2 protein chains.
Amino acid sequence: MAYSNAYAPSAPELPESYVHQQHDGENRYRYAYQPTQQFSSSSGLFSPETHPEIVKSFESADRDWSGFLEESELRQALLCSGYQGISNRTIRFLMFIYKSPGDSLLRLGPKEYVELWNCLAQWRAIFDSYDRDRNGKMNSTELRDAFYHLGYMLPTSVLQLIQTQFDDGTGKTVELCFDSFLECGMIVKGLTEKFKENDPGYTGYATIPYDVFMLMVIPFIASYD
Amino acid sequence: MAYSNAYAPSAPELPESYVHQQHDGENRYRYAYQPTQQFSSSSGLFSPETHPEIVKSFESADRDWSGFLEESELRQALLCSGYQGISNRTIRFLMFIYKSPGDSLLRLGPKEYVELWNCLAQWRAIFDSYDRDRNGKMNSTELRDAFYHLGYMLPTSVLQLIQTQFDDGTGKTVELCFDSFLECGMIVKGLTEKFKENDPGYTGYATIPYDVFMLMVIPFIASYD
């Protein structure tokens, strides 16, 4: 079975240069990296075209001047960049998803930090645009539409399951705040990308060895809070 | 590739009637269900041979007399049965792994509760027997040996990853308390069983459709704490 539109994990995502247009007052979400720009070590850790806010937030948070942000440093960087309320659990997801695949350590270099920054800007913009009633929460219909915009047309069963995971055990209808939206979005994005690595032909099926399966899934089951 | 001993998710587990022999004082862990016994609705929810402590703990916790334990009821039942300190996250794992597959609701009936009780007794006994220095914590070697005893000879890479998930972000050597042992054990048990459902020939490879993959993995990524 090839991916039908009903699954579409291979659907194109928004361009990385997606810039939030609707909330001009929220400048912190507007610094989109232009993917055609190249990093150059001769001009420092970041390319000269990188928005100074991104460079500033990275350098302020990189307290040991290692050239990388570790988990606690990323937490600080996001806090100072206007992303309050992101849980430690979500921070670890972000580290895991955005770290360089070739780096055995859980840390972000400048290139990965720019990518993460742009992702957060994009996801914040989408959250705001789909939170139609402006209550800072996203209901199930808004969540479905937001995922679609991000390139993931999830089966209803998967959407329902995600929402169950974020309920409080009482069975009430769930509305997600930005942090929860980010967390469940990262779960969908991360798992889908891992799946696709094992389905290079985009057939909709992945054949996975046991140890690879365990190694690809367990990082999403972070216990640390 | 067939499962080598290095993976062994299909290795036999201990019998359900495994009874902890080493700590006679801890009677609460010794009530092992005999799998040859049958439940009979004519003799009540439990078979007559079920240990009265199990029946008592179920009935005391089933406050709405529904004949099932919901999440909050299970939490209460375990607390009253001597299992202090089990996190809400682990409770949800237990519910998910032990609920009847045919039940769309997250709840445990008497049969599932007996199975869970026996599993906890077995795992507590193994934790105690491998916690050789009696400090209530399990180090990485003890964890490896305990998993082996439970029938899971995990690749070193998987073991290391599990321990990373339970560290506090400082990179220090991790020692697991019983709750953490139970949590990571349930992750290993649950994921391995889900994998095996998609690898009926025990080849070491599972071919999994995208939606099935998402549905089998997301429940382990419970956000609720």
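Everything that follows concerns the structure shown earlier in this document.
Read on for an overview of the structure. (Residues numbered from 1 in each chain as written. Chains lettered and ligands numbered in written order. Predicted model: local features only at pLDDT ≥ 70, side-chain atom pairs only at ≥ 80, totals over all residues. Heavy atoms only, no water.)

## Considering the overall build of chain A
Right, so step 1: Across its full length, chain A carries eight helices and one strand.
Right, so step 2: In sequence order, chain A lays out its α and β elements as α-α-α-α-α-α-α-β-α.
Right, so step 3: For chain A, the proportion of its 225 residues judged to be buried stands at 54%.
Right, so step 4: For chain A, restricting intrachain contacts to residue pairs at least 6 apart in sequence, the fraction spanning at least 24 positions comes to 60%.
Right, so step 5: A total of about 9,900 Å² of accessible surface is found on chain A, and carbon and sulfur atoms cover 51% of it. (Helix = DSSP H or I, 4+ residues; strand = E, 2+ residues; numbered from the N terminus. Buried < 20%, exposed > 50% of the residue type's maximum accessible area, 1.4 Å probe, protein only. Contact = heavy atoms within 4.5 Å. Areas by Shrake-Rupley, 256 points an atom, 1.4 Å probe, with all protein chains shown as cover.)

## Re the nonpolar core
Right, so step 1: Ranked by internal contacts, the top residues of the largest apolar core, which has 124 residues, are Phe181 and Phe213 of chain A together with Phe181 and Phe213 of chain B.
Right, so step 2: Apart from residues no more than four positions distant in its own chain, Phe181 of chain B is found in contact with Trp123, Ile126, Phe127, Met138, Leu143, Ala146, Leu150 and Leu176 of chain B. (Core = buried A, V, L, I, M, F, W, Y, C linked by side-chain atoms within 4.5 Å.)

## Thoughts on the pattern of salt bridges
Side-chain pairs of opposite charge can arise where the charged atoms are in close proximity.
Residue and element names in this part refer to chain B.
Right, so step 1: Taken as a whole, this structure holds 14 salt bridges over all chains when the rule is applied.
Right, so step 2: Note that Asp103 is salt-bridged to Arg107, the shortest N-O span being 2.6 Å.
Right, so step 3: Here Asp103 falls in the buried class, since its relative accessible area comes to 12%. (Salt bridge = Lys/Arg side-chain N within 4 Å of Asp/Glu carboxyl O.)

## With respect to helix 6 (residues 156–165) of chain A
Right, so step 1: When we look at burial in helix 6 of chain A, the residues that qualify are Val158, Leu159, Leu161, Ile162, Gln163 and Gln165 of chain A.
Right, so step 2: Taken together, the buried residues of helix 6 of chain A touch helix 5 (140–150) and helix 7 (178–197) of chain A together with helix 3 (88–98) and helix 8 (210–217) of chain B.

## Some points on the state of the cysteines
Right, so step 1: What the rule picks out here adds up to zero disulfides over all chains.
Right, so step 2: Not engaged in a disulfide, the cysteine Cys177 of chain B finds its nearest cysteine sulfur in Cys184 of chain B; these two sulfurs lie 9.7 Å apart. (Disulfide = S-S within 2.5 Å.)

## Some thoughts on helix 3 (residues 88–98) of chain A
Right, so step 1: Counting buried residues in helix 3 of chain A gives ten out of eleven residues, a clear majority hidden from the surface.
Right, so step 2: The complete set of buried residues in helix 3 of chain A reads Arg89, Thr90, Ile91, Arg92, Phe93, Leu94, Met95, Phe96, Ile97 and Tyr98 of chain A.
Right, so step 3: Next to the buried residues of helix 3 of chain A lie helix 2 (71–80), helix 4 (110–130) and helix 7 of chain A together with helix 3 and helix 6 (156–165) of chain B.

## Quick look at unusual backbone geometry
Residue and element names in this part refer to chain A.
Right, so step 1: If you check the backbone angles, Trp65 has positive phi at about 50° while not being a glycine.
Right, so step 2: Within the element layout of this structure, Trp65 appears in the loop between helix 1 (52–61) and helix 2.
Right, so step 3: By relative accessible area, Trp65 is classed as exposed at 73%.
Right, so step 4: The backbone of Tyr202 sits at a positive phi, close to 55°, despite the residue not being glycine.
Right, so step 5: Checked against the element boundaries, Tyr202 lands in the loop between helix 7 and strand 1 (205–209).

## Overview of the packing of helix 7 of chain A against helix 8 of chain B
Right, so step 1: Contact geometry of helix 7 of chain A with helix 8 of chain B gives a least axis separation of 11 Å together with a crossing angle of 130°. Judged by the inter-axis angle, helix 7 of chain A sits oblique to helix 8 of chain B. With respect to the hand of their crossing, helix 7 of chain A and helix 8 of chain B are arranged in right-handed fashion. Residues Val188, Leu191, Thr192 and Phe195 of chain A of helix 7 of chain A touch helix 8 of chain B, and the partners they reach there are Tyr210, Phe213, Met214 and Val217 of chain B.
Right, so step 2: Of the residues contributing to the contact of helix 7 of chain A with helix 8 of chain B, the split by class is seven nonpolar, one polar and no charged. (Axes fitted to C-alpha atoms, helices over the stretch in contact; angles between N-to-C directions. Parallel < 35°, antiparallel > 145°, perpendicular 65-115°, else oblique. Left-handed = near helix turned anticlockwise from the far one by under 90°. Nonpolar A, V, L, I, M, F, W, Y, C, P; charged D, E, K, R; others polar.)

## Concerning the packing of aromatic side chains
Right, so step 1: Under the defined criterion, the tally for this structure stands at 26 aromatic pairs over all chains.
Right, so step 2: A centroid spacing of 5.2 Å and a plane angle of 80° characterise the contact between Phe46 of chain A and Phe58 of chain A, whose relative ring orientation is edge-to-face. Taken as a pair, Phe46 of chain A in the segment before helix 1 and Phe58 of chain A in helix 1 lie far apart in primary sequence, twelve residues in all. Assigned by exposure class, Phe46 of chain A and Phe58 of chain A land together as buried.
Right, so step 3: Taking 6.3 Å as the distance between ring centres and 25° as the angle between the ring planes, the aromatic pair formed by Tyr83 of chain A and Phe178 of chain A counts as stacked. One end of the pair, Tyr83 of chain A, is in the loop between helix 2 and helix 3; the other, Phe178 of chain A, is in helix 7, with 95 residues separating them in the sequence.
Right, so step 4: On the basis of relative accessibility, which here comes to 5%, the residue Tyr83 of chain A falls in the buried class.
Right, so step 5: Given the relative accessible area of 8%, Phe178 of chain A is considered buried.
Right, so step 6: Within the aromatic cluster, the residues linked to one another by ring pairs are Tyr83, Trp123, Phe127, Phe147, Phe178 and Phe181 of chain A.
Right, so step 7: The side chain of Arg107 of chain A reaches across the aromatic face of Phe68 of chain A, ending 3.6 Å from its centre.
Right, so step 8: The ring of Phe178 of chain B is capped by Arg124 of chain B, whose NZ or CZ atom sits 4.5 Å from the centre of that ring. (Phe/Tyr/Trp six-rings, centres within 6.5 Å; stacked < 30°, edge-to-face > 60°. Lys NZ or Arg CZ within 6 Å of the ring centre and 35° of its normal.)

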